[in-house]
Amino acid sequence: MLKNNIRSVKASEIELKERVVAINRVAKVVKGGRRFSFAAIVVVGDGNGVVGYGLGKANEVTDAIAKGIDDAKKNLMKVPLYHNTVPHAQEGKFSGGFVLVKPAAAGTGVIAGGAMRAVLESAGIKDVLCKSKGSSNPHNVVKATFDALSKMRDPLAVAQQRGVNLQKVFNG
């Protein structure tokens, strides 16, 4: 979905911090009993507008996290920031997960639930109001948050497109 995004970024150019959002233990029943494997969803970001997510599956937790980090580095995208917040309100949707992301005044902090909080903090967004509606599954919430962030428009690009200055974009 987001792999062909125009705002994609190369992982080798920046220093990324990784954050594990969720680890899921999956059991497969075999003749000798249960065989456990692990799935980890990981978010990476530079804290300055670049963020990505990945899913790793393996028989060990550490291997699953490592695979998730590698996958996340392949799915990086640039998020437009405006004064440490998002430029405008936006809804995101993925499967049963719906999220609402709204800009907030300076000093508000990140008002968001667990999976959304990891994505927004990794992106470097410091003041934002969010609401997760629908599914609380971390996979769906992370992907819906990325959907909302990918729909964000850069205020400078909007101002150039309309042929007006930046203040007129926000104040009418």
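Note that this is a predicted model, so its numbers are computed, not measured.

**Section: the nonpolar core**
So, point 1. By size, the foremost hydrophobic cluster in this structure holds 27 residues, and its most contacted members are Val 101, Leu 120, Ile 125, Val 128, Val 142 and Leu 149.
So, point 2. Counting residues per element, the ones that place at least two in this core are β2 (33–45), β3 (50–58), β6 (97–103), α2 (114–123), β8 (128–134) and α3 (138–151).
So, point 3. Summarising the domain contributions, this core has at least three residues from each of domain 1 (17–77) and domain 2 (81–171).
So, point 4. Filtering out sequence-adjacent residues up to four positions away, Ile 125 remains in contact with Val 79, Leu 81, Asn 84, Thr 85, Val 86, Val 110, Leu 120 and Leu 149.
So, point 5. By size, the runner-up hydrophobic cluster in this structure holds 12 residues, among which are Leu 16, Ile 65, Ile 69 and Ala 72.

**Some remarks on the domain arrangement of the protein chain**
So, point 1. Domain boundaries in the protein chain define domain 1 (17–77) and domain 2 (81–171).
So, point 2. For domain 1 versus domain 2, the separation of C-alpha centres amounts to 24 Å.
So, point 3. Listed as interface residues are 17 residues of domain 1 and, on the opposing side, 16 residues of domain 2.
So, point 4. Note on domain 1 versus domain 2: buried area summed over both sides is about 1,300 Å², and carbon and sulfur give 76% of it.
So, point 5. The largest contributions to the domain 1 side of the interface with domain 2 come from Arg 19, Tyr 53 and Met 77, which together make up 38% of the buried area.
So, point 6. Here domain 1 is connected to domain 2 by one salt bridge.
So, point 7. In this assembly, domain 1 and domain 2 are joined by three residue pairs in polar contact (both at pLDDT 80 or more).

**Notes on the pattern of salt bridges**
So, point 1. The full count for this structure, using the stated rule, is four salt bridges.
So, point 2. For Glu 91, the salt bridge is made with Lys 133, and the minimal N-O distance between the two is 3.5 Å. Note that Glu 91 is positioned in strand β5 (residues 90–94) and Lys 133 in strand β8, a separation of 42 residues in sequence.
So, point 3. You can call Lys 133 partly exposed: its relative accessible area is 35%.
So, point 4. With its nearest N and O atoms 3.3 Å apart, the salt bridge here joins Lys 151 to Asp 147. Here the residue Lys 151 and the residue Asp 147 both occupy positions in helix α3, the gap between them amounting to four residues, near one helical turn.
So, point 5. Residue Lys 151 is classed as partly exposed on the basis of its relative accessible area, which comes to 39%.
So, point 6. Taken together, the salt bridges that share partners define one network made up of Arg 19, Arg 117 and Glu 121.

The rules behind these values
- Residues numbered from 1 in each chain as written.
- Predicted model: local features only at pLDDT ≥ 70, side-chain atom pairs only at ≥ 80, totals over all residues.
- Heavy atoms only, no water.
- Core = buried A, V, L, I, M, F, W, Y, C linked by side-chain atoms within 4.5 Å.
- Buried < 20%, exposed > 50% of the residue type's maximum accessible area, 1.4 Å probe, protein only.
- Helix = DSSP H or I, 4+ residues; strand = E, 2+ residues; numbered from the N terminus.
- Domains from an automatic or database assignment.
- Contact = heavy atoms within 4.5 Å.
- Buried area = accessible area lost by both parts, 1.4 Å probe.
- Salt bridge = Lys/Arg side-chain N within 4 Å of Asp/Glu carboxyl O.
- Polar contact = N/O pair within 3.5 Å; in protein donor to acceptor, adjacent residues only side chain to side chain.

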